[in-house]
Amino acid sequence: MKSWAKWLVLAMLGACPVNADEASVMVLEGDASAFYTNGDFVVFDQMRAGGGAMKMVKAAPLDDASGSDEPDPGVLARAPIGPDGRFHLEVEVEEPRMVSFYVENAVGPEGQRWGRVSGLRFILEPGELNLKMSSSSRFVVRGGHYNDAVYNSWRLSEEYMAADAEYRELTKPVEGASKEEEELRWDRMVEAQRNASKLEMEGMSRVARTHPDPKVRRLAIESSWLWGPWMLEALRGLAQLTPDDPWVIERLAGAEAAEERWAQERQLGVGDTCLDFTGETLAGESVQLAEVRADNRYVLLDFWASWCGSCRVEFPHMMEAYELFSDQGFEIVSFTIDEDREAWEVASAEEDLPWIDVGMGPGAGAAAAYNVRGVPDSYLIDARTGEILATDLRRHQLRRKLEDLFVQAPSTDEG
């Protein structure tokens, strides 16, 4: 125990500059030349903005330089990015804490204005730090004790760097590739992304659960966007080290309540039986899932929203599957969690959905029954048994699954 305590004291002392003036300022030298040669680099504090740890920076309109004429209380500092992609920024630091950054007012080589990329986090701490970006969403901060502990301890590992590089390479379309080759590339990309996310979660979890410095543990918990059972374990461990910390007490109580609530509101998965509900179309017609099942062989229940870009990107792929299999006993029921009827109407008209389009609202019957926590969210249902056969089929995965199913049971007239 004495050896551990000595190591902790030395580590904490080593993280603190000796000069009192230097201890209150972070000097950040940045290189964004891999993607940006203009614009403003902005350091943003979610807590100061009043949104709490989960608030993200919203993208500014592409035709607006700043997104708002009002000063943003969350902005701590900003610096112009020079033609060489470099910038220099100084920020006063009261104590090390998690912040995020974004680039705004950036214009591409063809004059297009780029929107903000949110959720790019690092630890604001005293000293001289260097930030290097490899793309609009990839970066490494070096030189900070807490950044090294919270992020670089796993982000700079050979395993994670290889996984991340594989994912980024697979995001690039291959010129001249066939449709089958592109689908294979997409499947590999999804798997590579899952692998990189898994390694990130394991890295953050390890820091949050095992690091000897309670401050590092807390920063890791605050900084992670990946939730899992490890978070509750980490908070309980931190509570043992700092039992009187109000932040830990409040966060632990919230995590325990959330775990209990999620246990009671478990989302349905493969093998579960679907739940019936009634929705209403824009024309005011009532639609019951049980009635749709009675007339079909397979039903895709799709939750979406007008403001969800990822949802609407899926519609062309759903259209392809619908055109191929709707006359064989396949139907789609889309349920919007929009709370604004006009937004639902406009989006439905723009997408020209040929299937059943009902809603609306996150607290409505269907969304509540299926405990929808985010969109897109979808369930492929065996209409005869009600069994959920697959969830969240993306792009060509829906078509492929239906191809397999209809080969196995091609007729819709069987008992």
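Residues numbered from 1 in each chain as written. Predicted model: local features only at pLDDT ≥ 70, side-chain atom pairs only at ≥ 80, totals over all residues. Heavy atoms only, no water.

(A) Local environment of the overall build of the chain. Looking only at helices and strands, the chain has twelve helices and 15 strands in total. A total of 415 residues make up the chain; the buried ones form 47% of that total. Contacts in the chain between residues far apart in sequence, at least 24 positions, make up 68% of those at least 6 positions apart. Split by element, the accessible area of the chain, about 21,700 Å² in all, is 51% carbon and sulfur. (Helix = DSSP H or I, 4+ residues; strand = E, 2+ residues; numbered from the N terminus. Buried < 20%, exposed > 50% of the residue type's maximum accessible area, 1.4 Å probe, protein only. Contact = heavy atoms within 4.5 Å. Areas by Shrake-Rupley, 256 points an atom, 1.4 Å probe, with all protein chains shown as cover.)

(B) Representation of the pairing of strand S11 (residues 298-304). By the criterion of burial, S11 is predominantly enclosed, with seven of the seven residues buried. Burial of S11 is two-sided: the residues Tyr-298, Leu-300, Asp-302 and Trp-304 facing one way and the residues Val-299, Leu-301 and Phe-303 facing the other way are all buried. Sheet topology places S11 next to strand S12 (residues 330-336); seven bridges connect them, and they run parallel. Residue Leu-301 lies in a different strand from S12, and its bridge partner there is Val-333. Assessed by its sense of winding, the connection that carries the chain from S11 through helix H9 (residues 309-325) to S12 is right-handed. Where S11 meets strand S14 (residues 377-382), six bridges bridge the pair, whose relative direction is antiparallel. By the bridge assignment, Leu-301 is partnered in S14 with Tyr-379. (Pairing = 2+ DSSP bridges. Right-handed = clockwise from strand over helix to strand, strands pointing away.)

(C) A look at the confidence of the model for the chain. Averaged over every residue, the pLDDT of the chain is 86; residues scoring 70 or more account for 87%. Within the model, the stretch residues 1-22 combines pLDDT values under 50 with eleven contacts to residues more than four positions away or in other chains. This stretch, residues 51-69, has a pLDDT under 50; its non-local contacts, to residues over four places away or in other chains, come to 32 contacts. (pLDDT = per-residue confidence, 0-100.)

(D) Region of interest: the pattern of salt bridges. Following the criterion strictly, the structure yields 27 salt bridges and no others. Between Arg-168 and Asp-164 there is a salt bridge; the shortest N-O distance is 3.1 Å. One end of the pair is Arg-168 and the other is Asp-164, both in helix H3 (residues 158-170) and four residues apart, which spans about a single turn. Judged by relative accessible area, Arg-168 falls into the partly exposed class, the value being 33%. Of the charged contacts in the structure, one is a salt bridge between Arg-236 and Glu-256, with a shortest N-O distance of 3.4 Å. Here Arg-236 is found in helix H6 (residues 229-241), whereas its partner Glu-256 is found in helix H7 (residues 246-264), with 20 residues between them in sequence. Taking the relative accessible area as the measure of exposure, Glu-256 reaches 32% and is therefore partly exposed. (Salt bridge = Lys/Arg side-chain N within 4 Å of Asp/Glu carboxyl O.)

(E) Layout of the packing of helix H2 (residues 145-155) against helix H5 (residues 214-223). At a minimum axis separation of 10 Å, H2 and H5 run at an interaxial angle of 55 degrees. Considering the angle they form, H2 stands oblique to H5. When the axes of H2 and H5 are compared, the crossing they make is right-handed. Between H2 and H5, the contacting residues are Tyr-146, Ala-149, Val-150 and Tyr-151 on the first element and Lys-215, Val-216, Leu-219, Ala-220 and Ser-223 on the second. Partitioning the contact of H2 with H5 into residue classes produces seven nonpolar, one polar and one charged. (Axes fitted to C-alpha atoms, helices over the stretch in contact; angles between N-to-C directions. Parallel < 35°, antiparallel > 145°, perpendicular 65-115°, else oblique. Left-handed = near helix turned anticlockwise from the far one by under 90°. Nonpolar A, V, L, I, M, F, W, Y, C, P; charged D, E, K, R; others polar.)

(F) Seen up close, the layout of surface pockets. Looking at the largest pocket, its volume works out to about 1,600 Å³. Lining of the largest pocket is provided by 50 residues; of these, Ser-137, Arg-138, Tyr-160, Glu-200 and Trp-225 occupy positions nearest its centre. Elements that contribute at least two residues to the lining of the largest pocket include exactly strand S1 (25-31), strand S4 (86-92), strand S6 (120-124), strand S7 (127-133), strand S8 (139-142), H2, H3 and helix H4 (179-210). The element that contributes the greatest number of residues to the lining of the largest pocket is H4, accounting for seven residues. Its residues assigned to classes, the lining of the largest pocket comprises 22 nonpolar, twelve polar and 16 charged. (1 Å grid on protein atoms, 1.4 Å probe; cavity = no way out; pocket = protein on both sides within 12 Å on 5 of 7 lines; lining within 4 Å. Points joined across faces, edges and corners; volume = space filled by probe spheres on them.)

(G) Inspection of the nonpolar core at higher detail. Among the nonpolar cores identified, the biggest contains 49 residues, and Phe-303, Phe-330, Tyr-370, Leu-380, Leu-398 and Leu-402 are the most heavily contacted of them. It is H9 that contributes the most residues to this core, seven residues altogether. (Core = buried A, V, L, I, M, F, W, Y, C linked by side-chain atoms within 4.5 Å.)

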